[in-house]
Amino acid sequence: MHIIDHSYTSLGFFCFLLSLYTYLPPIFQPNQIKGTIINMGIEVLIINIVLLIGFAVAASAGNFNQDFEITWGNDRAKVLNNGQLLTLSLDKASGSGFRSRNEYLFGKIDMQLKLVPGNSAGTVTAYYLSSLGDTHDEIDFEFLGNLSGEPYTLHTNVFTQGKGNREQQFHLWFDPTKDFHTYSLLWNPQSIIFSVDGTPIREFKNWESKGVPFPKNQAMRIYSSLWDAEDWATRGGLVKTDWTQAPFTASYKGFNAQACVWTSSSGSSCSSKQGQSWFTQSLDSTGQARIQWVQKNYMIYNYCTDTKRFPQGLPPECTLA
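Residues numbered from 1 in each chain as written. Predicted model: local features only at pLDDT ≥ 70, side-chain atom pairs only at ≥ 80, totals over all residues. Heavy atoms only, no water.

Asks: Pulling in residues and values, what's your account of the sheet that holds strand S2 (residues 68–72)?
Replies: If you walk across this open sheet you meet the 8 strands as S2-S5-S14-S7-S8-S9-S10-S16, and the pairing is antiparallel. Bordering the open sheet on either side are S2 and strand S16 (299–302), each of which pairs with just one other strand. For this sheet the average axis-to-axis angle between neighbouring strands, irrespective of direction, equals 15°. As paired strands, strand S9 (residues 153–159) and strand S10 (residues 168–170) are joined by 3 bridges and run antiparallel to one another. Looking across to S10, one finds that Thr156 is bridged to Gln168. (Pairing = 2+ DSSP bridges. Helix = DSSP H or I, 4+ residues; strand = E, 2+ residues; numbered from the N terminus. Axes fitted to C-alpha atoms, helices over the stretch in contact; angles between N-to-C directions.)

Asks: How would you sum up helix H6 (residues 285–297)? Please name residues and give values.
Replies: The first and last C-alpha atoms of H6 sit 18 Å apart over 13 residues, in line with the 18 Å expected at 1.5 Å per residue. Within H6 the residues assigned to the buried category are Gly287, Ile291 and Val294. One face of H6 carries all of its buried residues, which in axial projection span an arc of 65°. Exposed positions of H6 whose direction lies more than 90 degrees from the buried face are Ser285, Gln292 and Lys296. Looking at the buried side of H6, the elements it contacts are S10, strand S13 (199–205) and S16. Its side-chain oxygen at 3.2 Å from the backbone nitrogen of Thr286, Asp284 defines the N-terminal cap of H6. (Expected span 1.5 Å × (residues − 1). Buried < 20%, exposed > 50% of the residue type's maximum accessible area, 1.4 Å probe, protein only. Arc of directions from axis to C-beta. Contact = heavy atoms within 4.5 Å. Polar contact = N/O pair within 3.5 Å; in protein donor to acceptor, adjacent residues only side chain to side chain.)

Asks: Which residues make up the pairing of strand S15 (residues 248–262), and what values do they have?
Replies: Each regular strand displays side chains that alternate between the two surfaces of the sheet. Alignment of strand S4 (residues 85–90) against S15, held across 6 bridges, turns out to be antiparallel. Across the sheet, residue Leu85 finds its bridge partner in S15, namely Lys253. Inspection of the sheet shows strand S6 (residues 103–114) paired to S15 by 9 bridges, in the antiparallel sense. Each bridged residue has a counterpart across the sheet, and for Gln112 the counterpart in S15 is Lys253.

Asks: How would you explain the UniProt feature "glycosylation site" (unreviewed entry) in the chain if you had to name every residue and give the values?
Replies: If you check UniProt for "glycosylation site" (unreviewed entry), the listed places come out as Asn146 in our numbering. Position of Asn146 relative to the elements: it lies in the loop between strand S8 (138–144) and S9. With relative accessibility at 14%, the residue Asn146 sits in the buried group. (UniProt positions renumbered as here; feature names shortened; annotations may be inferred.)

Asks: Before we move on, can you summarise the state of the cysteines with the specific residues and values?
Replies: A covalent bond between the sulfur atoms of two cysteines is referred to as a disulfide. Throughout the structure, instances matching the rule amount to 1 disulfide. What pairs with Cys304 in a disulfide is Cys318, and their sulfur atoms sit 2.0 Å apart. Negative torsions about the S-S bond denote left-handed disulfides, and the value of about -75° found for Cys304 with Cys318 makes this one left-handed. Here Cys304 is found in the segment after S16, whereas its partner Cys318 is found in the segment after S16, with 14 residues between them in sequence. (Disulfide = S-S within 2.5 Å.)

Asks: Hey, could you go over the nonpolar core for me, with residue numbers and the actual values?
Replies: One finds Met111, Phe141, Tyr183, Trp187, Tyr252 and Phe255 to be the most contacted residues of the largest nonpolar core, which totals 61 residues. No other element matches the 8 residues that S15 contributes to this core. (Core = buried A, V, L, I, M, F, W, Y, C linked by side-chain atoms within 4.5 Å.)

Asks: I'd love a proper account of the packing of aromatic side chains, names of residues and values included.
Replies: The tally for this structure, following the rule as stated, stands at 20 aromatic pairs. A ring pair is formed by Phe98 and Tyr252, whose centres lie 5.1 Å apart and whose planes are at 90°; its orientation type is edge-to-face. With Phe98 in strand S5 (residues 96–100) and Tyr252 in strand S15, this residue pair connects regions lying 154 residues apart in the sequence. One exposure class covers both Phe98 and Tyr252, and it is buried. With a centroid separation of 5.3 Å and an interplanar angle of 65°, the aromatic rings of Trp293 and Tyr298 are classed as edge-to-face. Here Tyr298 falls in the partly exposed class, since its relative accessible area comes to 22%. One aromatic cluster in this structure is built from Phe64, Phe68, Phe98, Tyr252 and Phe255. (Phe/Tyr/Trp six-rings, centres within 6.5 Å; stacked < 30°, edge-to-face > 60°.)

What follows is the structure in structure tokens.
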């Protein structure tokens, strides 16, 4: 297993440096370097150059051609803009989907999505991590479409060893069809944190010590799909898909993964010694306050309060602090 940060892989970084040089102030131009060294010192000059390089690296992003593969839907899934944009479409014949080429065991995954606009009732845009098999692990974002003017439902879930039933649902505090927004999954040995535009909305903690399974042994790929779920997606299936509005299209950009890539030959797991901040990251007091704000104002369903669904008692993680 090895660490990969896609912000360091873009070839566009080198082009950026070349174009940036043209706009550098005279202090960095070759005929000024000698005077700069005298006036500022070699150390200061090097520090400024390193800062410029570091900024360019951090600004780079992943590439859909390199990082993903189309898995179904044929030409309904398209990679555009030299790998910087991906679109999925749904019509009455089929939806479409893609998956990551790599498998990950722990990481921080960011993706920018712009959801199906207008009357999206009956459609589901899914973006999730998952392993394979009957005892698979899975971490879900699902966006349930709605009638024009009505809010999307953001559906989240966590599966461990093939068992889910840990749904929390939210409305968003913005229109997710007007622009791209960043949806993030932070998955480390301590917890799973779902975030929207940097605001945490849900945390699933590792309570293995209390007998609650936690996904930590199965590597997962990133998947996304756009598909028809009119039987349940909108108002429990009461509102059907309006196929006169097809094709429905969702768009993706800005993929970034700071993650441990699983390889079959390695078989090792991540350790905190790898020096990645996300690996030990947890919610601070500000993050806890933001989650409380979101859940107070925008949560519309929480399995941990559904006593009718669990007449024998709520799942154990619901009663743990």
